[in-house]
Amino acid sequence: MQDRVASFRLPARIQDLLLALFVTVMQVQGTVVRNSGQPDVVLRPLSDLGNLGYLLLIVSGAALAVRRRHPAAVFAVTALTSVVYYGLDFPDGPGWLALFVALYTFTAYGDGHRTLQLAGGGIVALAVVWLIAAADVEPPAAVGWVYFRIGASVMSAALGESVRARKHLATQALERAALAERARDEEARARVDAERLRIAREVHDTVAHAIAVINIQSGVTAHVLDKRPERVRESLEVIEQTSARALAEMRAILDVLRAESSSDDVTDGGGADDLEPRAPRAGVAQLDDLTARAREAGLEVTIDAPPPPQPLPAAVGSAVYRIVQEAITNVIRHVGTTRVTISLQYSPDTVEVRVSDEGRPTLTTDPRTERQEQPKGPGHGLTGMRERCRLLGGRLDAGPLPHGGFAVTARLPVTPTEATTV
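First, a word on what this report is: a plain description of the structure on this page. Predicted model only: the values in this text are computed from it and were never measured. Along each chain, residue indices are assigned from 1 in the same order as the chain's sequence is written. Side-chain atom pairs in this predicted model are given and counted only at pLDDT of 80 or more, local residue features only at pLDDT of at least 70, and totals for whole chains, interfaces and linings cover all residues. Hydrogens and waters are ignored; side-chain quantities use all the structure's heavy atoms.

A look at the overall build of the chain
Reasoning step 1: Helix and strand definitions here come from DSSP, where helices need a minimum of 4 consecutive H or I residues and strands a minimum of 2 consecutive E residues; each element is numbered from the N-terminal end. In terms of helices and strands, the chain carries 13 helices and 5 strands.
Reasoning step 2: Across the 422 residues that make up the chain, the buried fraction comes to 41%.
Reasoning step 3: Working rule for contacts: check all heavy atoms of both residues, and any pair within 4.5 Å makes them a contact. The contacts of the chain with a sequence gap of at least 6 include a subset with a gap of at least 24, amounting to 73%.
Reasoning step 4: All accessible areas in this document rest on Shrake-Rupley with a 1.4 Å probe, and a residue is counted as covered only by the protein chains that are shown. Counting only carbon and sulfur atoms, one obtains 60% of the accessible surface of the chain, whose full area is about 23200 Å². We call a residue buried when its accessible area falls under 20% of the maximum for its residue type, exposed when it is over 50%, and partly exposed in between, using a 1.4 Å probe and counting protein chains only.

Some remarks on the sheet that holds strand β3 (residues 350-357)
Reasoning step 1: A pair of strands counts as paired when DSSP detects no fewer than two bridges linking them. The 5 strands lie next to each other as β1-β2-β3-β5-β4, forming an open sheet whose pairing is mixed. Edge positions in the sheet fall to β1 (300-304) and β4 (395-400), since each has one partner strand and no second. If you compare each strand with its neighbour and ignore which way they point, the axes differ by 10° on average.
Reasoning step 2: Pairing geometry for β1 and strand β2 (residues 339-346), over 5 bridges, is parallel. Looking at the pairing, Val 301 lines up with Val 340 of β2.
Reasoning step 3: Axis definition: a line fitted to C-alpha atoms, over the contacting stretch in the case of helices. Angles run 0 to 180 degrees between N-to-C directions. Helix α10 (residues 287-296) rests against β1 and β2 of the sheet, and its axis sits at about 165° to β1.
Reasoning step 4: Across the sheet, helix α11 (residues 314-334) is in contact with β2, β3, β4 and β5 (406-413); its angle to β3 comes to roughly 10°.

Comments concerning helix α5 (residues 97-108)
Reasoning step 1: With 12 residues, α5 extends 17 Å from end C-alpha to end C-alpha; this agrees with the ideal 16 Å at 1.5 Å per step.
Reasoning step 2: In terms of burial, α5 is a largely internal element, 9 of the 12 residues being buried.
Reasoning step 3: Within the span of α5, buried status applies to Ala 98, Leu 99, Phe 100, Ala 102, Leu 103, Thr 105, Phe 106, Thr 107 and Ala 108. Here the expected length of a helix is defined as 1.5 Å per residue gap, with one fewer gap than residues.

Describing the environment of Ser 347
Reasoning step 1: Relative to the helices and strands, Ser 347 is located in the loop between β2 and β3.
Reasoning step 2: By relative accessible area, which is 33% here, Ser 347 ends up partly exposed.
Reasoning step 3: Note: C-alpha distance between Ser 347 and Pro 309 (38 residues apart in sequence) is 8.9 Å.
Reasoning step 4: For Ser 347, the side chain forms a polar contact with the side chain of Thr 350, separated by 2.7 Å. The term polar contact refers here to a pair of N or O atoms within 3.5 Å; inside protein, the definition further demands a hydrogen-donor-capable atom paired with an acceptor-capable atom, and it admits residues adjacent in sequence only when both atoms are side-chain atoms.

Right, dumping it as structure tokens:
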């Protein structure tokens with residue numbers, strides 16, 4: 001119903017033209033009717049001075065046709081015609097209609113303080129002219145029309161300012177609402193991006209670790225195929241188990257992505273936090289399974305990972321697991337069969353995880369250092385681990401050891417500053 005009523009609303013220009021026509025007719029006709037039959041009261045007829053009285057009434061009313069486009073000019077024209085009209089002692093009547101409408105428009109479409117100052121100054125000037133023109137009016141009771149015009153002028157300006165202030169407040173409220181909506185959308189997008197980045201890390205860690213294990217086992221299989229056929233079965237079983245675990249983790253990640261794409265939680269004010277419980281999580285408790293798979297891949301792993309004195313946040317536990325997993329993957333990929341030591345240490349505020357290996361005895365330089373120094377194919381393992389630590393407010397140090405080998409040490413706060421985005 002409101003849309004139907006709005007469709008019948010005339011354009012603002014047509015409204016102003018009709019209003020100008022109505023006010024002009026009312027001013028002229030009202031003045032003529034009010035003073036008809038009272039020739040002794042009229043000081044100067046409208047037809048005097050070449051019909052100047054009629055012209056002033058028509059000009060002031062017709063000026064309202066452009067009141068919204070030029071409110072200050074319309075106010076000036078109506079005020080000037082009023083000064084001339086009453087200064088020349090033309091008969092009283094509703095000739096003030098155009099002035100009141102112009103005053104209302106001037107303050108309603110003005111800028112507030114400055115417009116009110118100009119309107120107030122104009123009203124004072126008009127009041128002085130009106131009082132001077134009515135000084136010799138008889139009977140004295142007729143001067144009441146002057147005070148009416150002054151009061152009505154003040155009320156018109158006040159009404160226009162009230163409308164302007166209300167529109168201004170409404171506009172500010174809409175702008176704040178739009179800004180808040182944009183902020184919510186940006187926050188939701190940021191959370192979605194963070195969740196996607198987290199899932200991308202999960203995919204990278206899962207696939208990279210599985211591929212590294214499969215690669216080294218397939219190499220072992222090719223090497224012992226003719227010499228030790230019984231070893232081939234063990235390698236193939238490791239490959240089968242590793243690929244099955246990787247496929248299961250990838251399937252779980254894809255389920256999360258499907259749930260994310262079909263859910264409106266993020267756009268309704270949710271975010272990555274809403275998806276966290278559904279995401280595949282690995283923690284400190286799964287390190288034994290991880291090291292068991294590393295031993296199956298040919299590494300000699302020693303682990304010192306006592307249970308934490310208090311439960312770790314899910315994000316911190318997952319980061320510890322993924323850092324160990326990525327470090328083992330790097331050892332398998334760049335070093336091969338060697339001894340790896342994993343240790344976890346807890347303090348009231350942090351948890352420290354360290355993964356070190358002895359490197360290849362025949363190499364004086366750690367292969368991972370050489371790989372990183374090559375201009376092509378540096379990999380993203382250490383970069384991903386550092387990013388995990390940074391997002392949790394922690395720190396990661398990685399580098400070759402003095403007597404050969406490589407060590408990765410991560411220190412993570414027990415209460416991460418950005419845990420919900422990891």
